Amino acid sequence: MCHAVLFTAPKGNGRLALAAMLAKTLLCENSVTEPCSICHSCQLFEAETHPDFHVIKPETEGKKISVDAVRTVNKYAWETSHLGGRCIILIQNADSMGEAAANAVLKTLEEPPLNCYFILFTASIDHMLTTVVSRCDKWHLKLPHESVVKCWVESELFESVPLQVIRINRGAPLAAKAFVERGSLALHEELITEFSAYVALKQNLFIVTKKLIKSGSDALQWLSFLLLDVMKLQLGTTEGIVHSDSMILVEQISYSVSFTLVMRQLTALNRLKNDLIKNSGLNHELMLSRWLSDFQ
Ligand SMILES: [Zn+2]
């Protein structure tokens, strides 16, 4: 195996479980194809206390991986492993590495220590340093067909789930399951209903703003999908529509506002989404109500 593997897969696709399984296998003292779950190394891994398995990830979702975190782990890479075997470094959300952190990883990737292996995963390589990507063996994890994902989620939850839940979660099974489990199904339904009524009637701006804040950070992505669906419908296509179970609402918005306005608002929404993630000190309520008022 190459000294570095890069998985590309969306969040909620089991990529962390797969990366952990690979790490456990590489560390196992008895097997090369799958972990034995009996040896000392496997037991330490299961107890999450393996001294030669190091994880780097953003401190909080949406934040950058710090260069200090990379430097600390790089140091372990050059030391002799505690158990005398391999050393594994797992980098979660590798696209969250800023330039300094990515360059620090690159140094070790260029001349990897003999028994050190890197496992990286990311949703997309677009924001990764190309020199880091080129040093890795790239594995793209394909998603199952959405109908298969829907069946799986329903069998796990013992309830029927609308197809749009799978699409909102980009076809990732674990993400779709978690969406239903944390109650986002009802929140999403309420939000898009209130939002489309607001766009059609230009009333209740305050209520929709509150609903957006209550629905959490994913809500802006839901509206982003919804506005893209509206644009598709206005262009005369239903192909690739996310909100396939809420077509009445998509139609309601598409009759109420022009294509140009939807496009402008979608661009502004995507910019707003990034601004709010990057800068938690911003006044969310004010910025969201300003964006909503631009529909008038
Ligand atoms: Zn083992």
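Every value quoted in this text rests on a predicted model; they were computed, and no experiment measured them. (Residues numbered from 1 in each chain as written. Predicted model: local features only at pLDDT ≥ 70, side-chain atom pairs only at ≥ 80, totals over all residues. Heavy atoms only, no water.)

**Q** I'm lost on the layout of surface pockets in this one. Help?
**A** It is the rolling of a water-molecule-sized probe over the atoms that shows where space remains empty. Counted as a void, the largest pocket has a volume near 2,200 Å³. Lining the largest pocket are 50 residues, and of these K11, E61, G62, R170 and I277 sit closest to its centre. Within the residue set of the lining of the largest pocket, elements represented by two or more residues are α1 (15-27), α8 (173-181), α10 (205-214), α11 (219-234), α13 (259-278) and α14 (284-293). As a volume, the second largest pocket reaches approximately 220 Å³. (1 Å grid on protein atoms, 1.4 Å probe; cavity = no way out; pocket = protein on both sides within 12 Å on 5 of 7 lines; lining within 4 Å. Points joined across faces, edges and corners; volume = space filled by probe spheres on them. Helix = DSSP H or I, 4+ residues; strand = E, 2+ residues; numbered from the N terminus.)

**Q** Please clarify how the sheet that holds strand β2 (residues 53-56) should be interpreted in this entry.
**A** Pairing between the strands of a sheet comes from backbone hydrogen bonds, and it takes one of two forms, parallel or antiparallel. Across the sheet, five strands lie side by side as β2-β3-β4-β1-β5; this open sheet has parallel pairing. Two strands close off the open sheet at either side, each with one partner strand: β2 and β5 (137-140). This sheet shows a mean twist of 15° between the axes of neighbouring strands, independent of strand direction. Across five bridges, the pairing between strand β1 (residues 4-8) and strand β4 (residues 116-122) is parallel. Looking at β4, one finds that A4 is bridged to F118. Strands β1, β2, β3 (87-91), β4 and β5 of the sheet are contacted by α1, whose axis makes an angle of about 175° with β4. (Pairing = 2+ DSSP bridges. Axes fitted to C-alpha atoms, helices over the stretch in contact; angles between N-to-C directions. Contact = heavy atoms within 4.5 Å.)

**Q** When you look at the pattern of salt bridges in this model, what are you seeing that I'm missing?
**A** Between side chains of opposite charge, pairing is possible as soon as their charged atoms come close. Overall, the coordinates contain nine salt bridges when judged by the stated rule. A salt bridge links D68 to R71; its shortest N-O distance comes to 3.8 Å. Here D68 and its partner R71 are both found in helix α3 (residues 67-78), three residues apart, which amounts to about one turn of the helix. Among the ionic pairs, R182 bridges to D218, the shortest N-O distance being 3.1 Å. A residue pair is termed long-range when its members are at least 10 positions apart, and R182 in the loop between α8 and α9 (184-201) and D218 in the loop between α10 and α11 qualify at 36 residues. For R182, a relative accessible area of 47% translates into the label partly exposed. For D218, a relative accessible area of 34% translates into the label partly exposed. Shared partners join several salt bridges into a network, and the residues in it are E156, K177 and E181. (Salt bridge = Lys/Arg side-chain N within 4 Å of Asp/Glu carboxyl O. Buried < 20%, exposed > 50% of the residue type's maximum accessible area, 1.4 Å probe, protein only.)

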